[in-house]
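For reference, the chains in residue letters:
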Amino acid sequence: GIIGGLRTELQSGGNLRMEPSSPAREPWAKQIQDLVRARFKAEDFARYGIMDIKVQQVTRVHNRSLRIRFEELIDRLELDGSTQQLEYLFYVPDPKNTAQDLRA
């Protein structure tokens, strides 16, 4: 929750910050929902009786150290300047709820 996120931020010296939201509240969260739903393949989950998914919450993780390393790597690739519009998503389901999410 909020306390855990604040504790993580404090322990990382401000390098790591969590920003929870929902698709109904933030446009960036809605974009993530759209991306995840577009990648969802019902046939992969048909044997579990799952035909659709619902994104209830999205947490944006700001990791200053990894962002700097990622940007340095992109700079070394010497792209044509098109990286200004570059966005990236790392999707990781909550391992504590995976089995429960499959049944929901």
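Numbering of residues starts from 1 in each chain and follows the order in which that chain's sequence is written. Two thresholds apply to this predicted model, a pLDDT of at least 70 for residue-level local features and 80 or more for giving and counting side-chain atom pairs, whereas whole-chain, interface and lining totals are computed over all residues. Side-chain numbers here rest on the full set of heavy atoms in the structure, without hydrogens or water.

**Q** When you look at the overall build of the protein chain in this model, what are you seeing that I'm missing?
**A** By the criteria applied, helices consist of DSSP H or I runs no shorter than four residues and strands consist of E runs no shorter than two, each listed in order from the N terminus. If you tally the helices and strands in the protein chain, you get five helices and two strands. In the protein chain, the order of α-helices and β-strands from amino to carboxyl end is α-β-α-α-β-α-α. Relative accessible area decides the class of each residue, using a 1.4 Å probe on protein chains only: under 20% of the type maximum gives buried, over 50% gives exposed, and in between gives partly exposed. Taking all 104 residues of the protein chain together, the buried fraction comes to 13%. Counting contacts in the protein chain only where the partners sit at least 6 residues apart, residues at least 24 apart contribute 56% of the total. Every accessible area reported is derived by Shrake-Rupley at a probe size of 1.4 Å, with residue values counting cover from the shown protein chains alone. In the form shown here, the protein chain has an accessible surface area of approximately 8900 Å², with 52% of it arising from carbon and sulfur atoms. A contact between two residues is defined here by any heavy atoms of the two lying within 4.5 Å.

**Q** Is there a simple way to think about the environment of Asp52 in this case?
**A** Note on placement: Asp52 falls in the loop between helix H3 (42–45) and strand E2 (58–63). Accessibility expressed as a relative area gives 46% for Asp52, which makes it partly exposed. Measuring from C-alpha to C-alpha, the distance between Asp52 and Arg37 comes to 8.2 Å, with 15 residues separating the pair along the chain. In terms of polar contacts, Asp52 uses its side chain to reach the side chain of Arg37, at 3.3 Å. Two N or O atoms form a polar contact when they lie within 3.5 Å of each other; inside protein one atom must be a possible hydrogen donor and the other a possible acceptor, and for residues adjacent in sequence the pair counts only when both atoms belong to side chains.

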